[in-house]
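# A closer look at the structure
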Amino acid sequence: MTAIAEDGLAALTMSALAERLGTSGGHILYYFGSKDLLLLAALRWSEAALAEERRQLLARRLSAPRRLDLFLGLYLPRGPRDPRWTLWIELWARIPANEELRAAQRELDRAWQDDLESLLTKGVERGHFAPTDVPARASELLALLDGLSTRVVLADDPVAAPRAALESARRAAELLVPRT
């Protein structure tokens, strides 16, 4: 994941990665088959760790607005060149030509969508949020978070960009999912 994030997938060679990992390029190709599948494996590994963090966050005994705020912070990148988000950007660039990557992207996005819908639904049911079209609002909020995340990853300012993105996400969440 770090190697892909540092130089991008296009610049990464299997031999350079193998040397970095203390193995052979053939060994890596045996397990992954291609750079695209290596990218997908790294992204799935990263997303599995985040899914566990999301599960823990959603299980906490906090108000729905507080959980939503924590969800926003978990979703957004930590700063420029965040390795997890660099993987996403690499994946998005390859999706038009690769149905397997497109299907994986839909699957990974669906997990975030489902968890956000669950959070919002419980918030509406408990009277924390105004009634709304939960699937639509969740989808809109995630699309906005993707755009903010891309800006953070491509920014030069490691401090201001993540903070500004989180504040923008909070303002958007207030508009999309108003509190009661």
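Residues numbered from 1 in each chain as written. Predicted model: local features only at pLDDT ≥ 70, side-chain atom pairs only at ≥ 80, totals over all residues. Heavy atoms only, no water.

## Comments concerning the overall build of the protein chain
Applicable threshold: Strands are runs of DSSP state E lasting at least 2 residues, helices are runs of H or I lasting at least 4, and numbering of each runs from the N terminus. Residue exposure (1.4 Å probe, protein chains only): buried if accessible area is under 20% of the type maximum, exposed if over 50%, otherwise partly exposed. In what follows, a contact means two residues having at least one pair of non-hydrogen atoms within 4.5 Å. Accessible surface area values rest on a Shrake-Rupley calculation with a 1.4 Å probe, where residue burial reflects the displayed protein chains alone.
The number of helices and strands found in the protein chain is 9 helices and 0 strands. Element order for the protein chain, N to C, with α for helix and β for strand: α-α-α-α-α-α-α-α-α. When the backbone C-alpha atoms are referred to their principal axes, the protein chain occupies close to 60 × 30 × 30 Å. Put simply, the protein chain has 180 residues, and 44% of those count as buried. Counted over contacts in the protein chain with a minimum sequence separation of 6, partners at least 24 positions apart contribute 67%. Of the roughly 9,500 Å² that the protein chain leaves accessible, carbon and sulfur atoms contribute 55%.

## Digging into empty space enclosed by the protein
To keep things clear, this is the line we draw: Grid points spaced at 1 Å over the protein atoms alone were grouped into cavities, where a 1.4 Å probe fits but cannot get out, and pockets, open sets with protein on both sides within 12 Å along at least five of seven lines, with lining residues defined by an atom within 4 Å of a point. Grid points are joined across faces, edges and corners, and a volume is the space filled by probe spheres set on the points. When residues are grouped by polarity, Ala, Val, Leu, Ile, Met, Phe, Trp, Tyr, Cys and Pro land in nonpolar, Asp, Glu, Lys and Arg in charged, and all others, Gly among them, in polar.
This model, assessed by the stated rule, comprises 1 cavity of 30 Å³ or more. Quantified by volume, the largest cavity comes out at close to 50 Å³. Along its surface, the largest cavity is lined by Glu47, Tyr75, Trp85, Trp88, Trp92, Asp109, Trp112 and Asp146. Mapped by element, the contributors of at least two residues to the lining of the largest cavity are helix H6 (83-94) and helix H7 (99-125). No other element matches the 3 residues that H6 contributes to the lining of the largest cavity. For the lining of the largest cavity, the class distribution of residues is 5 nonpolar, no polar and 3 charged.

## Description of the pattern of salt bridges
So the rule is basically this: Salt bridge, as applied in this entry: a Lys or Arg side-chain nitrogen positioned within 4 Å of an Asp or Glu carboxyl oxygen.
In this structure the tally under the stated criterion is 15 salt bridges. A salt bridge links Arg94 to Asp36; its shortest N-O distance comes to 3.1 Å. With Arg94 in helix H6 and Asp36 in helix H4 (residues 35-59), this pair connects stretches of sequence that are 58 residues apart. Among the ionic pairs, Arg94 bridges to Glu90, the shortest N-O distance being 2.9 Å. Placement of both Arg94 and Glu90 in helix H6 is noted, with a separation of 4 residues, approximately one turn of the helix. One connected set of salt bridges, linked through shared partners, spans Arg66, Asp69, Glu167 and Arg170.

## Concerning the packing of aromatic side chains
Condition: Any two of the Phe, Tyr and Trp rings considered here, Trp counted by its six-membered ring, make a pair once their centres fall within 6.5 Å; the pair's planes then place it as stacked at under 30 degrees, edge-to-face at over 60, or tilted in between. Any Lys NZ or Arg CZ found within 6 Å of a ring centre and within 35 degrees of that ring's normal is scored as a charge over the ring.
The full count for this structure, using the stated rule, is 6 aromatic pairs. When the centroid spacing of 5.6 Å and the interplanar angle of 55° are considered together, the rings of Tyr75 and Trp85 count as tilted. One end of the pair, Tyr75, is in helix H5 (residues 64-75); the other, Trp85, is in helix H6, with 10 residues separating them in the sequence. Grouping residues by exposure puts Tyr75 and Trp85 together as buried. An aromatic cluster is defined as three or more aromatic residues linked by ring pairs; in this entry it consists of Phe71, Tyr75, Trp85, Trp88, Trp92 and Trp112. Just above the ring of Trp112 sits the side chain of Arg54; from NZ or CZ to the centre is 4.0 Å.

## Section: unusual backbone geometry
In this structure, Arg81 is a non-glycine residue whose phi angle is positive, near 60°. Within the secondary structure layout, Arg81 lies in the loop between H5 and H6. Accessibility expressed as a relative area gives 46% for Arg81, which makes it partly exposed.

## Remarks on the environment of Gly73
Within the element layout of this structure, Gly73 appears in helix H5. Linking Gly73 and Leu145, residues 72 residues apart in sequence, is a C-alpha distance of 10.0 Å.

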